[in-house]
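Chain residues, written in single-letter form:
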Amino acid sequence: MRVIVVGAGIVGASAAYHLALEGADVLVVDRAEPGQATAVGAGVVFPWPVGEADPATRALWLAAAEHHPSLLAALSDDGGLPEGGYAQVGGLRVAEDPDALRPAGDELVRLRDHEGWGLGEVDLLDPGEPARLFPGLRPDLAALRVSAVGRVDGRVLRDALLGAAAGPGARRRTASVRLATARGRVTGVEVAGEVHGAHAVVVAAGAWATELCRPLGVDLPVYPMRGQLAHLSLPGVDTDRVPVVLTLGDQCLLGFPGSRIVVGATREPDAGFDRRITAGGLRDVLDEALAVAPGLAGATVGELRVGFRPASADDRPVLGTLPDNPGVVVATGLGRNGLTVGPFVGALAAELALDRRPVLALERFRPDRAVPDQGVPDETGPNARDIGPAR
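Residues numbered from 1 in each chain as written. Predicted model: local features only at pLDDT ≥ 70, side-chain atom pairs only at ≥ 80, totals over all residues. Heavy atoms only, no water.

## Focus on the sheet that holds strand β11 (residues 185–191)
Read across the sheet, three strands follow the order β10-β11-β12 without closing on themselves; strand pairing throughout is antiparallel. Every interior strand has two partners, whereas the edge strands, β10 (178–182) and β12 (194–197), have only one. If you compare each strand with its neighbour and ignore which way they point, the axes differ by 45° on average. (Pairing = 2+ DSSP bridges. Helix = DSSP H or I, 4+ residues; strand = E, 2+ residues; numbered from the N terminus. Axes fitted to C-alpha atoms, helices over the stretch in contact; angles between N-to-C directions.)

What follows is the structure, encoded as structure tokens:
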């Protein structure tokens, strides 16, 4: 079976990997657009649905959390991730008042003990204890600690999936693409004037999926949420295993090998595909970081990144086939949670492309679902809204 995957981010890479393992003839086409979310994301993996009330999305998240370790184990058999690609380092939600953290802690314990969430240890840290775990953190802050939180280098995980897919024969091409149609049905993709036929096409183009599907008369409820972040260097400080810190304003601090701390990201729903690093965005990121970790003031500012999360207008993923084109599978709209649920969404997209019944009910995620008119901004963003904390 020939399947073309459009998009080589975490979702497309996972779809290609799972399709290749099933023996499909896979071609991955990606135009390497600057700002792709996987390549620039901070890299937090949360094993629980932060503030998520929708039952279908919670079920998706739980399945994704269970899928993640098995995927990493399978990749280990194919050579694994390079050092620093992934680590379970734990996470800290910091607060000035320890009592403010107790309701969230009780809820997480309930999720772990009664709903089967793999959260590991959940405990409250008194003021001063978090400062011993993360460099430069304020000594007066308390924290809710969850041991199962991880950090991942999205580029490394993406490349590992694509590399493992290449073993069974998946091919990759860097080019612009459009969906090819005949008699009103999608028959493959067109690349540089040449049509490549396929039995199924997986549209995993992130924030650009809306643009790709619009010629079919389908307006996906997906738009770009710009995020800016900064990489800081702390020479001589061991940052390999420091926990992820969720700040007072719901941004993140996380450490990577090489004395590197990543801080951010902003959430800007009205920026469209503007790739600029702005003075206001950088100030927001640094102010948020220094508000909880003033000890980072002396860090060296290194790489600055900007990316576009594929946000959905109703905060739910977009996953399913198109009603008039059942051979087209759309998989996007993960917003801030791409590196957490993206690998599993890619696996589900592969199942749909192979015309198999998915393990979860996906009706709530249909690409053609109705959404409130006021919740769908156009690409210039005048009607955009904030959908939650950036990851």
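## A short note on the packing of aromatic side chains
Taken as a whole, this structure holds three aromatic pairs when the rule is applied. Both rings, one in phenylalanine 273 and one in phenylalanine 308, keep their centres 5.3 Å apart while their planes meet at 65°; by these two values the pair is edge-to-face. Separated by 35 residues along the polypeptide, phenylalanine 273 in the loop between β17 (260–264) and α7 (279–292) and phenylalanine 308 in strand β18 (residues 300–312) bring together distant segments of the chain. Residue classification places phenylalanine 273 among the partly exposed positions, given a relative accessible area of 23%. A connected cluster of aromatic rings, assembled from ring pairs, spans Trp208, Phe273 and Phe308. (Phe/Tyr/Trp six-rings, centres within 6.5 Å; stacked < 30°, edge-to-face > 60°. Buried < 20%, exposed > 50% of the residue type's maximum accessible area, 1.4 Å probe, protein only.)

## Focus on the pattern of salt bridges
Applying the stated criterion across every chain, the model contains 27 salt bridges. One salt bridge in this structure joins glutamate 211 and arginine 31, with 3.1 Å as the shortest N-O distance. Of this pair, glutamate 211 sits in helix α6 (residues 209–213) while arginine 31 is found in the loop between β2 (25–30) and α2 (37–40), placing the two residues 180 residues apart along the sequence. Take glutamate 211: its relative accessible area is 35%, and that puts it in the partly exposed class. The salt bridge partner of arginine 58 is glutamate 115, with a shortest N-O separation of 3.7 Å. With a gap of 57 residues between them, arginine 58 in helix α3 (residues 55–77) and glutamate 115 in the loop between α4 (102–114) and β6 (122–125) connect regions that are remote in the sequence. Its relative accessible area of 35% is what places glutamate 115 among the partly exposed residues. (Salt bridge = Lys/Arg side-chain N within 4 Å of Asp/Glu carboxyl O.)

## Concerning the sheet that holds strand β8 (residues 150–152)
Read across the open sheet, the three strands follow the order β3-β8-β4; overall the sheet is antiparallel. Edge positions in the sheet fall to β3 (44–45) and β4 (86–88), since each of these pairs with one other strand and no more. In this sheet, β8 lies alongside β3 in antiparallel orientation, the contact comprising two bridges. Across the sheet, valine 44 pairs through a bridge with arginine 151, a residue of β8.

## A look at the packing of helix α1 (residues 10–21) against helix α5 (residues 154–166)
Here α1 crosses α5 at 25°, and the two axes come no closer than 8 Å. The angle between the axes of α1 and α5 places the two elements in the roughly parallel class. The handedness of the crossing between α1 and α5 comes out as left-handed. Only Leu157, Arg158, Leu161, Leu162, Ala164 and Ala165 of α5 make contact with α1, whose side of the interface consists of Ile10, Ala13, Ser14, Ala16, Tyr17 and Ala20. Split by residue class, the contact of α1 with α5 holds ten nonpolar, one polar and one charged. (Parallel < 35°, antiparallel > 145°, perpendicular 65-115°, else oblique. Left-handed = near helix turned anticlockwise from the far one by under 90°. Contact = heavy atoms within 4.5 Å. Nonpolar A, V, L, I, M, F, W, Y, C, P; charged D, E, K, R; others polar.)

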